[in-house]
Amino acid sequence: MVGTTDPHRSFDAIDLQGLATFAQITGAALRSAQAREEREQRIRRLSALNVLAWQLAALHEPYDIARLAYEAAGDLIPRDAFYIARFDAEKREFDFVLQADGEDVWRGERYPLGIGATSQVVMTGEVYLVRASDDAHQRQGMTFGEATRVSGSAAHVPLKSRGRLVGVLSSQSYAAGAFDDEDLVVLQSLANLVATAFENAEHMQQMRELYLASVRALAAAVDARDPYTRSHSARVAALARTVAEEMRLGPDTLRRVQLGALLHDIGKIGIPDAILNKPGPLTDDEWVLMRTHPAVGASILAAVEPLRDLVPIVRTHHERYDGRGYPEGLAGEAIPIESHIVAASDAFEVIVSRRAYKQAQTVEFACAELVRCRGEQFHPEVVDAFLRVIERDRQH
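These numbers were taken from a predicted model, which means no experiment stands behind them.

Asks: How do you make sense of the overall build of the protein when you look at a structure like this?
Replies: Helix and strand counts for the protein come out as 14 helices and seven strands. Here the protein holds 396 residues, and 41% of them are scored as buried. When contacts within the protein are restricted to residue pairs at least 6 apart in sequence, long-range pairs at least 24 apart make up 57% of them. Total accessible area on the protein stands at roughly 21,400 Å², and carbon and sulfur atoms take up 53% of it.

Asks: It is not clear to me how the pattern of salt bridges should be interpreted in this structure. Could you clarify?
Replies: Side-chain pairs of opposite charge can arise whenever the charged atoms involved come near each other. By the definition in use, this model includes 20 salt bridges. One salt bridge connects aspartate 88 with arginine 110, and the closest N-O pair in it is separated by 3.9 Å. Remark: arginine 110 occurs in strand β4 (residues 110–112) and aspartate 88 occurs in strand β1 (residues 81–88); sequence separation between them is 22 residues. Residues glutamate 199 and arginine 162 are paired through a salt bridge, measuring 3.5 Å at the closest nitrogen-oxygen approach. One end of the pair, glutamate 199, is in helix α5 (residues 181–223); the other, arginine 162, is in the loop between β6 (153–161) and β7 (164–173), with 37 residues separating them in the sequence. Its relative accessible area of 10% is what places glutamate 199 among the buried residues. Given the relative accessible area of 74%, arginine 162 is considered exposed.

Asks: When you look at the confidence of the model for the protein in this model, what are you seeing that I'm missing?
Replies: It should be kept in mind that the predicted coordinates are not to be read in detail where pLDDT is low. For the protein, per-residue confidence averages 83 on the pLDDT scale, and residues scoring 70 or more make up 82% of the total. Ranking the helices and strands of the protein by mean pLDDT puts helix α11 (residues 311–316) first, with 96, and helix α4 (residues 136–140) last, with 60.

Asks: Even after reading the chapter, I still don't get the packing of aromatic side chains, so can you show me in this structure?
Replies: The geometry of an aromatic ring pair is captured by two quantities: the separation of the ring centres and the angle between the planes. Overall, the coordinates contain six aromatic pairs when judged by the stated rule. When the ring of phenylalanine 87 is compared with that of phenylalanine 94, the centres are 5.1 Å apart and the planes differ by 50 degrees; the resulting orientation is tilted. With relative accessibility at 2%, the residue phenylalanine 94 sits in the buried group. Among the aromatic side chains, those forming a connected cluster through ring pairs are Tyr83, Phe87, Phe94, Phe96 and Tyr111. Cation over ring: arginine 86 sits above phenylalanine 198, and NZ or CZ is 4.6 Å from the ring centre. Seen from the ring of tyrosine 63, arginine 107 lies directly overhead, with NZ or CZ sitting 4.0 Å from the centre.

Asks: Please clarify how the pairing of β1 should be interpreted in this entry.
Replies: A regular strand carries its side chains on alternate faces of the sheet. Of all eight residues in β1, seven are buried; the element is thus mostly enclosed. As defined by bridge partners, β1 adjoins β7 across six bridges and the pair is classed as antiparallel. Counted as the bridge partner of alanine 81 is glutamine 172 from β7.

Asks: Which parts of the structure should I look at to understand the pairing of β7?
Replies: With eight of ten residues buried, β7 is to be regarded as a mostly interior element. As judged from the nine bridges shared by β6 and β7, these two strands associate in the antiparallel manner. Paired with lysine 160 across the strands is leucine 165, a residue of β7. The hairpin turn running from β6 into β7, its antiparallel successor, is two residues long, and arginine 162 in that turn takes a positive phi close to 55 degrees.

Asks: What should I look at first to understand unusual backbone geometry in this one?
Replies: Negative phi is the rule for most residues except glycine; trans is the rule for most peptide bonds. A cis geometry characterises the amide bond from tyrosine 326 onward to proline 327, with omega recorded as 15 degrees. With respect to the element layout, proline 327 can be found in the loop between α11 and α12 (337–352). Unusually for a residue other than glycine, arginine 92 sits at a positive phi of about 55 degrees. Along the chain, arginine 92 turns up in the loop between β1 and β2 (93–101). Residues other than glycine seldom take positive phi values, yet arginine 162 does so here, at roughly 55 degrees.

Asks: Hey, could you run me through helix α2 (residues 62–76) in this one?
Replies: Since one α-helical turn is 3.6 residues long, residues separated by three or four positions face the same way. The terminal C-alpha atoms of α2, which comprises 15 residues, lie 21 Å apart, in line with the 21 Å expected from a rise of 1.5 Å per residue. Turning to α2, its buried residues are Tyr63, Ile65, Ala66, Leu68, Ala69, Tyr70, Ala72, Ala73 and Leu76.

Asks: Explain helix α14 (residues 380–395) to me, please; I cannot follow it from the model alone.
Replies: Between the first and last C-alpha of α14 there are 23 Å, a value that for 16 residues agrees with the 22 Å anticipated at 1.5 Å per step. Within α14 the residues assigned to the buried category are Pro380, Val382, Val383, Ala385, Phe386, Val389 and Ile390. If you follow the buried residues of α14, they end up packed against α6 (232–246), α12 and α13 (363–372).

Asks: Looking at this structure, I do not really get the nonpolar core. What am I missing?
Replies: Across soluble globular proteins, nonpolar side chains have a tendency to be buried as a group. Formed by 42 residues in total, the largest nonpolar core has its most connected members in Leu263, Leu301, Leu310, Ile341, Phe348 and Phe386. Elements with a contribution of two residues or more to this core: α5, α6, α7 (251–262), α10 (293–302), α11, α12, α13 and α14. Tyr63, Leu129, Ala155 and Leu159 belong to the second-largest nonpolar core, a separate cluster that totals 35 residues.

Asks: How should the packing of α6 against α14 be read in this particular structure?
Replies: To describe two helices that pack against each other, one gives the angle between their axes and the distance between the axes. Viewed as axis vectors pointing N to C, α6 and α14 meet at an angle of 105 degrees, and their least axial separation amounts to 9 Å. When the axes of α6 and α14 are compared, the pair comes out roughly perpendicular. Contacts between α6 and α14 pair Leu239, Thr242, Val243 and Glu246 from the former with Val382, Ala385, Phe386, Arg388, Val389 and Arg392 from the latter. The residue inventory of the contact of α6 with α14, partitioned by class, reads six nonpolar, one polar and three charged.

Calculation rules
Residues numbered from 1 in each chain as written. Predicted model: local features only at pLDDT ≥ 70, side-chain atom pairs only at ≥ 80, totals over all residues. Heavy atoms only, no water. Helix = DSSP H or I, 4+ residues; strand = E, 2+ residues; numbered from the N terminus. Buried < 20%, exposed > 50% of the residue type's maximum accessible area, 1.4 Å probe, protein only. Contact = heavy atoms within 4.5 Å. Areas by Shrake-Rupley, 256 points an atom, 1.4 Å probe, with all protein chains shown as cover. Salt bridge = Lys/Arg side-chain N within 4 Å of Asp/Glu carboxyl O. pLDDT = per-residue confidence, 0-100. Phe/Tyr/Trp six-rings, centres within 6.5 Å; stacked < 30°, edge-to-face > 60°. Lys NZ or Arg CZ within 6 Å of the ring centre and 35° of its normal. Pairing = 2+ DSSP bridges. Expected span 1.5 Å × (residues − 1). Core = buried A, V, L, I, M, F, W, Y, C linked by side-chain atoms within 4.5 Å. Axes fitted to C-alpha atoms, helices over the stretch in contact; angles between N-to-C directions. Parallel < 35°, antiparallel > 145°, perpendicular 65-115°, else oblique. Nonpolar A, V, L, I, M, F, W, Y, C, P; charged D, E, K, R; others polar.

See below:
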């Protein structure tokens, strides 16, 4: 609108034509600016989804996957409340991997298939869009967000991988009509990425289980050569993992500790039975041969790509904290913490077990040996964690 305060001023045809032209130019400019803003928003969204795709590929735990998706959703779509639920078709129930109200995020629980909006997605295989707070299915389902503020709108989308529905992803807003068609497309793209990540995580878990079974079989084959060491590696692995957990080490380190302990003696496959099963002390020459097993074990694992990160553990599990071990005479922090844990666990298990050359000792004697050699043969922090584990086990 254009006006004037001059009572003697009026707009003639030329003025009107000029104003009309100006209005058309302004309208075109505004439309162009809006189109540019929408285009830039699409580019930002596509870029964010592209980055998310390769970030998800590096994750293998369902909660980590869901958490990353939740964080990404905050930059992509309206999100006052949010959840990701996996669906178990056999049990007909949901596992809410993650739930969120604003910035408060927590692990959810399991709920049976019902008649709410989440269940509608599973039963139809389609997006269920809630446009207002009076939606019947939304009211019959679970409540999310603040109890005093009912979600005004929500988009519940299926998690599908290779045509198979594996769960539901939902983003909710306290405002009515918060989701447009483009939001739904973005949300479905996000859901597809999450579904694929979940499937990849399942495959990775299956591979880990097969891989661990193979490692256990390999360790058992070595232990079986000596009737006194049968299941030795499995017992050392259980001890080592428990100690590592007591030390609050990360999941990757826990994995390496457990697998490194299972395979710590794999190099003994090259040691003659006459030496392994000898009831008396070894000669100097026999000790030279026996002390080759860490390096032999390391070379065996180095040739197997999935086991390559265990090489330092197997190679150094007979090194000592004071530097008087073998094969390289490493000391202190130059030895991986995983090796320190395996060394202490191995020594403890040997002490309390019967061997061809000795009788089994008591747990009390084994603990006393760990304390006696603390700071010399064994890492002090490892010994302290070991003793806490033993004491807690005694109390139960």
